[in-house]
Amino acid sequence: MSLANSPAHAGDSKLAPPVRALRVNGVELHCVDTGTVAGEVGQTVILLHGGMGDLESWPHQVRTLSHWYRVIAYSRRHSHPNRNATARSADVATRATTSMNGINDDADDFLALQAALGAAPSHLVGTSYGALLALTIALRAPGRVASLVLAEPPLHRWAAAADAGKPLYDGFIDAVWHAAAESFELGLPRRAMQLLIDGMWGRPIFETWPDDRVAAVMRNASVMRQMTRAADPFPAFERAAVARMAVPTLLLQGEHTSALHRHVMNELGSVMCSARRVEIPFAGHSSANENPDAFNAAVVSFVGLPRQAEASAP
């Protein structure tokens, strides 16, 4: 099977699937819902974007994976183009003291959306914060998850607890996270996003991005501003609970990911010892877009083809 020669990959000119807004769990969530086997139980892939992203972060995955699966991509409650009110200023400091508040809200939203779309169980594919959210969902509702694909979730608290990881974590928090928070407060969102992107990628990359990619992350700068205001920005996960989890899992990382993310993935791999691991060549923290062919091939190989696709595959 060759993804490069699949009709979905070849059809770059195919019209993008329609976006619709649903009201679930008291919030508006925009999503796309497309694919050739929509309705077959267990063959739905739901894409969970990173902190700076939204439902438009997955053009290569929606186009390619929808040839074999029902594919759903959605924007979390405060991401573009949703129009949900953010927490009142007076509430931010209180709610931000625990990062689990926000991720649990996002998990509630996901489970409500999944139910509204009749999409359970689903294969969850998440990158960065989206991978952290996918892990949260699997821990809370394993019966709603057919499998997990986790691309560099920021389990940075695990790094902070390790001798080798603590200097990486401390350096990231001081030079990237706190510096970005200060830039946001000074009214310099572009500078803040540059700090975050360069820090997460582990190298100066923001200024090399084309204007459309910069615009795509800037439209979600307010989400990152709220995250950097959290007193405890990264949720803590119990290693024992993760180790006990029986959901089939694929761990993905970019060949050129940062030292901090590489350390975290090694920690996660040691805990989820039965998980499959794949390194995406010629890619960093955003492997789904930096090397989409390799990313998609890893997902399809792990998830497996639906029965209809297997019968017709070359």
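Residues numbered from 1 in each chain as written. Predicted model: local features only at pLDDT ≥ 70, side-chain atom pairs only at ≥ 80, totals over all residues. Heavy atoms only, no water.

Caption draft 1: Looking closely at the packing of helix α8 (residues 189-201) against helix α10 (residues 221-228). Put simply, α8 and α10 touch, their axes get as near as 11 Å, and they point 75 degrees apart. What the angle tells us is that α8 and α10 run roughly perpendicular. Across the interface between the two elements, M193, L196 and M200 from α8 touch A221, M224 and T228 from α10. Residue composition of the contact of α8 with α10, grouped by class: five nonpolar, one polar and no charged. (Axes fitted to C-alpha atoms, helices over the stretch in contact; angles between N-to-C directions. Helix = DSSP H or I, 4+ residues; strand = E, 2+ residues; numbered from the N terminus. Parallel < 35°, antiparallel > 145°, perpendicular 65-115°, else oblique. Contact = heavy atoms within 4.5 Å. Nonpolar A, V, L, I, M, F, W, Y, C, P; charged D, E, K, R; others polar.)

Caption draft 2: Geometry of helix α7 (residues 166-185). Along its 20 residues, α7 runs 27 Å from first to last C-alpha, staying within 8% of the 28 Å computed at 1.5 Å per residue. Taking the largest bend as the criterion, α7 deviates by roughly 35 degrees, centred on I173. Along α7, the positions that sit buried rather than exposed are Y169, F172, I173, V176, W177, A180, A181, S183 and F184. The elements touched by buried residues of α7 are α6 (156-160), α8, α10 and α12 (259-271). Following α7 by one or two positions, G187 adopts a phi angle in the positive range, close to 80 degrees. (Expected span 1.5 Å × (residues − 1). Bend = angle between axes of the 7 residues up to and from the residue. Buried < 20%, exposed > 50% of the residue type's maximum accessible area, 1.4 Å probe, protein only.)

Caption draft 3: Representation of the environment of A85 in the model. Topologically, A85 is positioned in the loop between β4 (70-74) and α3 (89-95). For the pair A85 and E28, spaced 57 residues apart in sequence, the C-alpha separation works out to 10.0 Å.

Caption draft 4: Quick peek at the pairing of strand β6 (residues 145-151). The element β6 is largely enclosed, with a buried count of six among its seven residues. You can see the chain leave strand β5 (residues 122-127), run along helix α5 (residues 129-140) and come back into β6, and the turn it takes is right-handed. Pairing between β6 and strand β7 (residues 249-254): four bridges, direction parallel. For L148, the partnering residue across the bridge sits in β7 and is T249. (Right-handed = clockwise from strand over helix to strand, strands pointing away. Pairing = 2+ DSSP bridges.)

Caption draft 5: Up close: the sheet that holds β7. Taking strand neighbours across the sheet as the criterion, the eight strands line up as β1-β2-β4-β3-β5-β6-β7-β8 in an open arrangement whose pairing is mixed. Unpaired on one side and paired on the other, β1 (19-24) and β8 (276-280) mark the two borders of the sheet. Shown here is a sheet whose adjacent strand axes are inclined to one another by a mean of 25 degrees, direction ignored. Here four bridges tie strand β3 (residues 44-48) to β5, and the two strands are oriented parallel to one another. From the neighbouring strand, I46 faces β5, where its bridge partner is L124. Contacts between α5 and the sheet are confined to β3, β4, β5 and β6, with β6 contributing the most and set at about 150 degrees to the helix.

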